[in-house]
Amino acid sequence: MKTTAYRLSSGGAVDRSRPLSFQFDGAAYQGFAGDTLASALLANGVRLFGRSFKYHRPRGVMALGSAEPNALVELRAGAQREPNIQATMAELYDGLVARSQNRFPSLRYDLMAANQLAARFFVAGFYYKTFMWPSAFWEPVYEKLIRRAAGLGRAADAGDPDRYDHMHAHPDVLVVGGGPSGLAAARAASRVGARTMLVDENPNLGGALRFERTAIDGAPGDMWTDQITSEIADCGNGEILRRTTALGRYDHNVVLALERVSDHLPTPEKGRPRQRLWIIRPKQIVVASGAEERPIAFADNDKPGVMLSSAVRGFVNRYAVAPGRRVAIVTVNDDGYLTARDLKAAGVDVTLIADARGRTSVVSAELEAAGAPVLRNALPEQALGGIEVSGLRLQNAAGDRLADHPCDVIAVAGGYNPRIQLLSQSGAAPVWREDLLSFVPPETDDATQVAGACRGVYDLKACIEDGVAAGAEAARRAGFTDAADAPRPEPRPVAAAKLFEAPKPIGRSRGKAFVDFQNDVTADDVRLAVREGYEAVEHLKRYTTLGMATDQGKLSSVNGLAVLAEARGKPIAEVGTTRFRPPYAPAAIGAFAGYERGETFQPVRRTAMHRSHEQACATFVEAGQWLRPRYYARAGEDMTAAIRREAAAVRNTLGVCDVSTLGKIDVYGPDAMEFLNRLYINNWAKLPVGKARYGVMLREDGHIFDDGTTSRLSDDHCFLTCTTANAARVLAHMEYAAEVLFPDYDVTFCSATEQWCGVAIAGPNSRNALGKLFDGFDVSDAALPFMGVAETELFGVKARVFRISFSGELAYEINVPWGAGEMLWRRLMEAGAEFDITPYGTEALSVLRIEKGHIAGPEIDGRTTAADVGLGRMMAKKDFIGKTLAARPGLTAADRPALVGVRPVSAEDRLRGGAHFVKDPDRFEQESLGWVSSVADSPNVGSWIGLGFLKGGAARLGERIYAAYPLKAEMTEVEICAPCFVDPEGERLRG
């Protein structure tokens, strides 16, 4: 077990009575409850956390929270392995296992660090410039190399076993950020009765107060925080979500937030998810997200040991961890002196305060009087050392070298950037404030208030006042008249030096000065992009990758834009900034899916006869959201045998199939028939009552949308059926047509899919079985001819009988109310027992329809027209949706592939769906003449058969060509034939 050599003997908010064991790269360490992985490793003297993305440079901790760009680790193992977790956000628990990333074979000895030798070539635009020539190298060489090098970390190699869920919330006021401004805002809003939700990404509220030695009204800052938190939680209308990051803000005031419910535990507690995604729709939002300290660009400013001043201060105060033994501070404002003060109070040696300013402030004077070693007008030139920092080289503003100072930590206080990402995501363009040296939010909309450091108010007292005013205003705008007006403090200018990048020494070479640590983007990369014409901020971002990945501009944005502005000779305000995109911080993809994965991806829908299918040993298949029987295997049968038996039974005697899942829509009104005329390509106006008709719908672009039958039950009532998968889309299509295209039609309709369940009985004995089923109902050909429809009663319930056939056999469909479905199935099986009635599933149904040449989903896949499938003659002269665009030359060209039948020349050969028709049997790489859309092993034909689309279509019947299937290296000689293989005259179905 490693010792915690850098843990301070006292202080901090960790629980020293609860030691925790953990591992990093196979070595065992110890921390305490309340640590993060970053603080625990720093306490154990670990400074090297990972390697950079492009150059594989050594990297350590830079920041304190979700802005950390360097210390990305891999947590857990196996199916729960998750890469790119910020060590500063990973709460320590007993048994935690973490690994470093982007290195081989080990973190300290990384062979890929050789990339640094070629760093002069790996500049901005390297990939664009290098992999263009020779073009023949792209696929066999370049693409493979890039794919191997791309990405950061390893994804899990098995399905995610963790659970995620979604929650919706509709508070009056949502406060983002639990720092002093956010807490004050939430209390002000909740006090007047507004339902208030406060979200913060940390396990403890208080923001910077948790990491500072700050007093409010004479009491420690964390005591004030606990008091306000309790008041909000106990008021009855306040809700606090800890460990919850607001990821994005969207239209209509929608905020997406991720709650890390169980990430701080070894495994989620029983019944609790790992993470929860909140979809929040508040009336008002208060953004109090605070500000992020920014680094300064100077040579080798990415070495382990170079840290933000606020992070150094936070590790000391919050976790009682000294990031190093000897700390040098580089500052442009008073913040560096605050760090020096806290370090000295903790007993950490501050070797130097290099102040870029030439003036004295109240804070600096106090520290100097106490003996702090201050050097004014001193700027950083380079971080010295090998893998880790061993010293700091200084220069003056003219670039003259001053001195080298030994140290093992360089704390950089470069100023603050308000966290404006959430506001920018919703379209607000940030505004540059020269007096604050940062971008601040613009005037916000009526539903948004901004408070505290997020809008450049940095003084603690002013932050709290600003939060009170923002919370009260949000509550007032949400309708709570008791909310009192409060004055809003104005952001005050910052007494700071303007230093985004240290001057480059004249005549002396220096190491790389990074502005984006995560993507290895240097200041020189930005200047190179400008020279090559990528001057716009959006172009710069994409050419250099500045501000991409998890950083999203938190640390890199302003420094990169300052270098861009300097290179263009324009002020930063004129150069502008990019808009930030969600998510604000990394989020597991599983959280966005929530419950909707595997079998719960969509609701599972079962038909009324599902129990009977289970009892018949059905194997089910998903069809849309429905579970349909695929086949019914008997003892000793495999799938193929079961399908062949079922298909043969329908042709030879009697089969029964559950067709309840077909989309069903009732259409009512005096204009119902004229409405159908507009939907379908064929005529409907003269369809008599008691008859059904097959119809085809087109999309507006002229391609087939759906097909089905519609029955006329009375003068103003029709019953429309459509395919299972398209049911919802057809209904939406009809609603659009009625409301937008034909608003004057007196017609209404509603879904009846789950009102009626349906059964198809097909085969030579179907009429005999139907006669036994019904008592006194005439099912003769004269009484119920082909495409006839009748309404009757069956066992005391209403029933509809349709003389319709999808199999090509004598067939009927019976609809009864959903609750009577089980009874109908049972009675049908009893009535058909003497005819050896056989249940058949979707596979046999597919065999039967291919034998008859009936089209289905593979043939109407959104790319085919009515003419392509042989239904061009159905297109009437009337007007209908899709008629005009169906007449485009491209859709009426004579060489378009048309529907044909196909069978192998040798009955022993099989066909493959998706095979392509070709002429030459010796080459797979050749012009495709068409494709095979559906295939079936037909027991009634005695071989494999199929439907397909072939250039020339019906004119090529009898021709022999080849079906090429490269995936299995199969080349099958086939004969082109008519699509109908069984009973082409239709005598059986009309019998």
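Refer to the structure above for everything that follows.
Here is what the cut-offs are and how they apply
Residues numbered from 1 in each chain as written. Predicted model: local features only at pLDDT ≥ 70, side-chain atom pairs only at ≥ 80, totals over all residues. Heavy atoms only, no water. Helix = DSSP H or I, 4+ residues; strand = E, 2+ residues; numbered from the N terminus. Buried < 20%, exposed > 50% of the residue type's maximum accessible area, 1.4 Å probe, protein only. Areas by Shrake-Rupley, 256 points an atom, 1.4 Å probe, with all protein chains shown as cover. Lys, Arg positive; Asp, Glu negative; His and termini not counted. Charge placed at Lys NZ, Arg CZ, Asp CG, Glu CD. Pairing = 2+ DSSP bridges. Axes fitted to C-alpha atoms, helices over the stretch in contact; angles between N-to-C directions. Contact = heavy atoms within 4.5 Å. Parallel < 35°, antiparallel > 145°, perpendicular 65-115°, else oblique. Left-handed = near helix turned anticlockwise from the far one by under 90°. Right-handed = clockwise from strand over helix to strand, strands pointing away. Arc of directions from axis to C-beta. Disulfide = S-S within 2.5 Å. Core = buried A, V, L, I, M, F, W, Y, C linked by side-chain atoms within 4.5 Å. Polar contact = N/O pair within 3.5 Å; in protein donor to acceptor, adjacent residues only side chain to side chain. Patch = residues over 30% accessible without salt bridge, like charges linked within 9 Å, V, L, I, M, F, W, Y side chains within 5 Å. Salt bridge = Lys/Arg side-chain N within 4 Å of Asp/Glu carboxyl O.

Engineer: Can you help me understand the overall build of the protein in this one?
Structural biologist: Of regular secondary structure, the protein possesses 24 helices and 52 strands. Taken along the three principal axes of its C-alpha coordinates, the protein extends 115 × 75 × 55 Å. Residues counted as buried form 57% of the 991 residues belonging to the protein. Of the accessible surface of the protein, which amounts to about 40700 Å², a share of 52% is contributed by carbon and sulfur atoms. In the protein, the 116 positive side-chain charges and the 122 negative ones have mean positions that sit 4 Å from each other.

Engineer: Would you mind going over unusual backbone geometry with me for this structure?
Structural biologist: With glycine set apart, most residues show a phi of negative sign, and most peptide bonds adopt trans. For the bond running from F104 to P105, omega is 0°, close enough to zero to count as cis. Here P105 is to be found in the loop between β7 (96-99) and α2 (126-130). At R76, a position not held by glycine, the phi torsion is positive, near 65°. By secondary structure assignment, the location of R76 is in the loop between β5 (72-75) and β6 (82-86).

Engineer: Explain helix α11 (residues 523-531) here, please?
Structural biologist: Residues spaced three or four apart along an α-helix face the same direction, because each turn holds 3.6 residues. Summarising burial for α11: seven of the nine residues are buried, a large majority. For α11, every residue scored as buried is listed here: A523, D525, V526, R527, L528, A529 and V530. Positioned one or two residues after α11, G533 has a phi angle of 100°, which is positive.

Engineer: Just checking my understanding: could you explain the sheet that holds strand β21 (residues 349-355) for this structure?
Structural biologist: Backbone hydrogen bonds hold the strands of a sheet together, and the pairing may be parallel or antiparallel. Across the sheet, which stays open at both edges, the five strands sit in the order β19-β26-β20-β21-β22 with parallel pairing between neighbours. Each of the sheet's edge strands pairs with one partner strand only, and the pair in question is β19 (306-308) and β22 (374-376). Ignoring which end each strand starts from, the neighbouring axes of this sheet average 20° apart. The pairing of β19 with strand β26 (residues 409-413) spans three bridges and is parallel. Counterpart to V306 in the pairing with β26 is I410. Running over the sheet, helix α7 (residues 335-345) touches β20 (326-331), β21, β22 and β26 and is turned about 160° from β20.

Engineer: I tried to follow the packing of helix α6 (residues 309-319) against α7 on my own but got confused; where do I start?
Structural biologist: For any two helices packed against each other, one specifies the inter-axial angle together with the distance between the axes. In contact at an axis separation of 9 Å, α6 and α7 are set at 25° when each is read in the N-to-C sense. What the angle tells us is that α6 and α7 run roughly parallel. Taken as a pair, α6 and α7 cross one another with a handedness that is left-handed. Within the contact between the two elements, α6 uses S309, S310, V312, R313, V316 and N317 and α7 uses D335, G336, L338, T339, D342 and L343.

Engineer: It is not clear to me how the pairing of strand β10 (residues 196-199) should be interpreted in this structure. Could you clarify?
Structural biologist: Alternating residues of β10 divide into T196 and L198 and M197 and V199, and every residue in both groups is buried. Here four bridges tie strand β9 (residues 173-176) to β10, and the two strands are oriented parallel to one another. Each bridged residue has a counterpart across the sheet, and for V175 the counterpart in β10 is L198. Tracing the backbone out of β9, into helix α4 (residues 180-191) and back to the parallel element β10 gives a crossover that is right-handed. Both β10 and strand β13 (residues 238-241) contribute to a ladder of four bridges, which runs parallel. Opposite M197, over in β13, you have E239 as the bridge partner.

Engineer: For this particular structure, what's the right way to read helix α21 (residues 821-831)?
Structural biologist: Those residues of α21 that sit buried are G821, L824, W825, L828 and A831. Down the axis of α21, the sector holding all buried residues measures 130°, keeping them to one side.

Engineer: Can you help me understand the state of the cysteines in this one?
Structural biologist: Covalent bonding between the sulfur atoms of two cysteines is what defines a disulfide. Within this structure, the stated rule accounts for zero disulfides. Looking at C463, it has no disulfide partner, and the nearest cysteine sulfur is the one in C454, 10 Å off. Of all cysteine sulfurs, the one in C757 lies closest to C657, which takes part in no disulfide; the gap is 13 Å.

Engineer: How should the nonpolar core be read in this particular structure?
Structural biologist: In summary, soluble globular proteins display a tendency toward joint burial of nonpolar side chains. Counting 60 residues, the largest nonpolar core has L37, F49 and F315 as the members making the most contacts within it. With six residues, the single largest contributor to this core is helix α1 (residues 37-43). Ranked by size, the runner-up nonpolar core spans 49 residues in total, among them V389, A496, V515 and V521.

Engineer: What's the story with the side chain of D355 in this structure? I'm lost.
Structural biologist: Take D355: it is sitting in strand β21. Take D355: its relative accessible area is 0%, and that puts it in the buried class. At 2.7 Å, the side chain of D355 and the side chain of Y337 are in polar contact. Filtering out sequence-adjacent residues up to four positions away, D355 remains in contact with T331, Y337, L375, R376, N377 and A378.

Engineer: How should a nonpolar patch on the surface be read in this particular structure?
Structural biologist: Taken together, the side chains of F137, V141 and L145 present a nonpolar region at the surface, about 240 Å² in accessible area. By the secondary structure assignment, F137 is in the loop between α2 and α3 (138-149). Taking relative accessible area as the criterion, F137 reaches 40% and is therefore assigned partly exposed.

Engineer: Would you take a moment to explain the sheet that holds strand β39 (residues 704-714) for this structure?
Structural biologist: Read from one edge of the open sheet, five strands run β38-β39-β40-β37-β41, paired in antiparallel fashion. Lying at the two open borders of the sheet, with one neighbouring strand each, are β38 (692-698) and β41 (748-751). Averaged over all neighbouring strand pairs, the angle between strand axes comes to 25°, with direction disregarded.

Engineer: Help me out: how do you make sense of the pairing of strand β44 (residues 797-802) in this one?
Structural biologist: For a regular strand, side chains alternate in direction, first toward one face of the sheet and then toward the other. As defined by bridge partners, strand β43 (residues 789-794) adjoins β44 across six bridges and the pair is classed as antiparallel. The partner of T792 across the bridge, within β44, is A799. In sequence, β43 turns back onto β44 through a hairpin of two residues, with F795 there showing a positive phi of about 55°. Summarising the sheet, β44 and strand β45 (residues 811-817) pair through three bridges and their orientation is antiparallel. For V801, the partnering residue across the bridge sits in β45 and is I814.

Engineer: What is the right way to look at the pattern of salt bridges in this model?
Structural biologist: When charged atoms on two side chains of opposite charge get close, those side chains can pair. What the rule picks out here adds up to 69 salt bridges. A salt bridge links D879 to R678; its shortest N-O distance comes to 3.7 Å. Of this pair, D879 sits in the loop between α22 (842-852) and α23 (883-886) while R678 is found in helix α18 (residues 672-679), placing the two residues 201 residues apart along the sequence. Looking at D879, the relative accessible area reads 44%, which means it is partly exposed. Salt-bridge contacts for E859 lead to R849; the nearest nitrogen and oxygen are separated by 2.6 Å. One end of the pair, E859, is in the loop between α22 and α23; the other, R849, is in helix α22, and ten residues separate them in sequence.

Shape is all these values report; function is a separate question.
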